[in-house]
Amino acid sequence: MTYIASLVSSFANELGLARSVARSTKAHRNLFLAFTALCILVSAPIPAHAFNLVSKITSAPVFANGTVRDIRTGINIFLQRSDAPNDQFLDPAVIGYGLKPAGRMEIELVSGFERDPKIPLDPTTILLVAGTPQQAITSRLAGYTVTQGKNPNTFVITPSKPEGMPPKTLTAAAPAAQQDPIPQKGIKIIHIGRNMAFTNRGKAGKIAVRIFDETGSLEAQGNSTIDFLPTPRPQVFPTNIPDGKRNRNWQRVKAGEVAGVSPNTLPLSFLLFDRNEDYGNKGLDGVGVLSKHHIEELEFDVPASLSRFNGGLLLMDKNGDGLLDPATDAIIGGIKEHGPLNASSGYVVSPARNNQPYLSRPTGLIDPKAAKRPGGSILDVFYVAGEAPGTFRLTFSLLEDLDDPGSGDGSSYTYTILVE
């Protein structure tokens, strides 16, 4: 039985259908609801050379401290296209980049990164990724080589097959990823930090990406910078450790369906890290969702410093009773929801087991091989779609300081749901 099948089997009786979940009362405090949404504004296409190939640089979702100053580099470089800017490029219906025969891709760590000369630039230090989170396009299956470029801080990706690397053939190596309703195809993300060849230095790092055709002509280019964290902080990342690395972002659901329960859907899964020094991998156990609706039922007055979390709160069970109560447990973050105006929005649900919320737990309980690396804790959330179609986005944010409700947002991640 797969992880998700086990999860659904355990929770189906308590969760029920979307409408029955919506009728949750104080007597059913284990079902925590939260709705979300956000409009996607599509930019008008512009010429490729005028468009920045790089959307953003973030911490890799497998390292607690990949972007902390003076610690080894663990980052993800997100690409984009003019007709699919920013996170729209992560929609599996959008095809990513490929490389033409005799073409190449260069990734240059321009500034802010110190190279360890003892570690070579090869497939052990960089990974092409089809989609988030971390659906790897391996060099062995896709057919590409990795070498050092014109300077010690430049990777060069070169096709090793006569046909090059057509984007539609570049799929995730994990067999389970092919079970996704729409498998990701093409290069969308570049992950640096498997075998950590670089260290973050200074206040920020700059990276440039260039794609050349078989004649050496530049097809696309771009760059971006990332500010390094002065000290470690708690982190929330997406994860696909459960269910064989299947994609959890940009899921399609019908009105009233439950992502995580309905066929061909998965929970929204997160990897949580505590404030780890150096290369620690301690997680955040006992975390769950308390929705805006449930907060209203409890007649809890949300502090003004947390009013930006219009979709609910993230709480950590502090007294060990297995329940979440904002009056006694720690508020460590929240949910921001955005979507089409006047839409009937959905909501998120913390899965339940034995009349209690199923809270975050050590990663090793889900996948023993992942207990040490990446380690951390895994949090699962179900999403119950509303009646209106549209693009809905849920941003889960941890506080910068988990002990200070007024500290502002720290780490965050946004899942996108398409209700059809």
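Residues numbered from 1 in each chain as written. Predicted model: local features only at pLDDT ≥ 70, side-chain atom pairs only at ≥ 80, totals over all residues. Heavy atoms only, no water.

1. Side note on the nonpolar core
Okay, step 1: By size, the foremost hydrophobic cluster in this structure holds 41 residues, and its most contacted members are Leu-79, Ile-107, Ile-190 and Ile-192.
Okay, step 2: Not counting chain neighbours up to four residues away, the residues in contact with Ile-192 comprise Thr-73, Gly-74, Ile-75, Ile-77, Ile-107, Leu-109, Thr-125, Ile-126, Phe-155 and Phe-198.
Okay, step 3: Of all hydrophobic cores here, the second largest spans 39 residues; its members include Leu-272, Leu-284, Tyr-383 and Leu-402. (Core = buried A, V, L, I, M, F, W, Y, C linked by side-chain atoms within 4.5 Å. Buried < 20%, exposed > 50% of the residue type's maximum accessible area, 1.4 Å probe, protein only. Contact = heavy atoms within 4.5 Å.)

2. Some thoughts on the sheet that holds strand β20 (residues 330-338)
Where strands meet in a sheet, backbone hydrogen bonds hold them as pairs that are either parallel or antiparallel.
Okay, step 1: Strand order in the open sheet made by the 6 strands is β15-β27-β26-β20-β19-β18, with mixed pairing throughout. Lying at the two open borders of the sheet, with one neighbouring strand each, are β15 (251-253) and β18 (287-291). If you compare each strand with its neighbour and ignore which way they point, the axes differ by 30 degrees on average.
Okay, step 2: Across 9 bridges, the pairing between strand β26 (residues 390-399) and strand β27 (residues 409-419) is antiparallel. Pairing of Phe-392 across the sheet is with Ile-417, part of β27. (Pairing = 2+ DSSP bridges. Helix = DSSP H or I, 4+ residues; strand = E, 2+ residues; numbered from the N terminus. Axes fitted to C-alpha atoms, helices over the stretch in contact; angles between N-to-C directions.)

3. Comments concerning the pairing of strand β25 (residues 377-384)
Okay, step 1: The element β25 is largely enclosed, with a buried count of 8 among its 8 residues.
Okay, step 2: Of the two faces of β25, the one carrying Ser-377, Leu-379, Val-381 and Tyr-383 and the one carrying Ile-378, Asp-380, Phe-382 and Val-384 are both buried.
Okay, step 3: In terms of strand pairing, strand β16 (residues 258-259) meets β25 through 2 bridges, oriented antiparallel. By the bridge assignment, Val-258 is partnered in β25 with Val-384.
Okay, step 4: Across 3 bridges, the pairing between strand β21 (residues 347-349) and β25 is antiparallel. Of the residues in β25, the one forming a bridge with Tyr-347 is Val-384.
Okay, step 5: Pairing of strand β24 (residues 361-362) with β25, which is carried by 2 bridges, proceeds in the antiparallel orientation.

4. Comments concerning a negative patch on the surface
Okay, step 1: On the surface, Glu-400, Asp-401, Asp-403 and Asp-404 cluster together to form a negatively charged patch.
Okay, step 2: Checked against the element boundaries, Asp-403 lands in the loop between β26 and β27.
Okay, step 3: The class of Asp-403 is exposed, set by a relative accessible area of 71%. (Patch = residues over 30% accessible without salt bridge, like charges linked within 9 Å, V, L, I, M, F, W, Y side chains within 5 Å. Areas by Shrake-Rupley, 256 points an atom, 1.4 Å probe, with all protein chains shown as cover. Salt bridge = Lys/Arg side-chain N within 4 Å of Asp/Glu carboxyl O. Lys, Arg positive; Asp, Glu negative; His and termini not counted. Charge placed at Lys NZ, Arg CZ, Asp CG, Glu CD.)

5. A short note on unusual backbone geometry
Okay, step 1: Following Thr-132, the chain continues into Pro-133 via a peptide bond in cis, with omega recorded as 0 degrees.
Okay, step 2: Between Arg-373 and Pro-374 the backbone carries a cis peptide bond, its omega angle lying at 15 degrees.
Okay, step 3: Secondary-structure assignment places Pro-374 in the loop between β24 and β25.
Okay, step 4: Unlike most non-glycine residues, Trp-250 shows phi in positive territory, near 55 degrees.
Okay, step 5: With respect to the element layout, Trp-250 can be found in the loop between β14 (235-238) and β15.
Okay, step 6: For Trp-250, a relative accessible area of 5% gives the class buried.
Okay, step 7: The phi dihedral of Asn-355 falls on the positive side, at around 60 degrees, and the residue is not glycine.
Okay, step 8: Mapping Asn-355 onto the fold places it in the loop between β22 (352-353) and β23 (356-357).
Okay, step 9: Residue classification places Asn-355 among the exposed residues on the basis of a relative accessible area of 56%.

6. What about the environment of Ser-377?
Okay, step 1: Mapped onto the elements, Ser-377 comes out in strand β25.
Okay, step 2: Residues Ser-377 and Asp-285 lie 92 residues apart in sequence; the distance between their C-alpha atoms is 6.0 Å.
Okay, step 3: Discounting chain neighbours no more than four positions away, the residues touching Ser-377 are Phe-270, Leu-271, Leu-272, Gly-283, Leu-284, Asp-285, Ser-360, Arg-361, Pro-362 and Thr-363.
Okay, step 4: At 2.5 Å, the side chain of Ser-377 and the side chain of Asp-285 are in polar contact. (Polar contact = N/O pair within 3.5 Å; in protein donor to acceptor, adjacent residues only side chain to side chain.)

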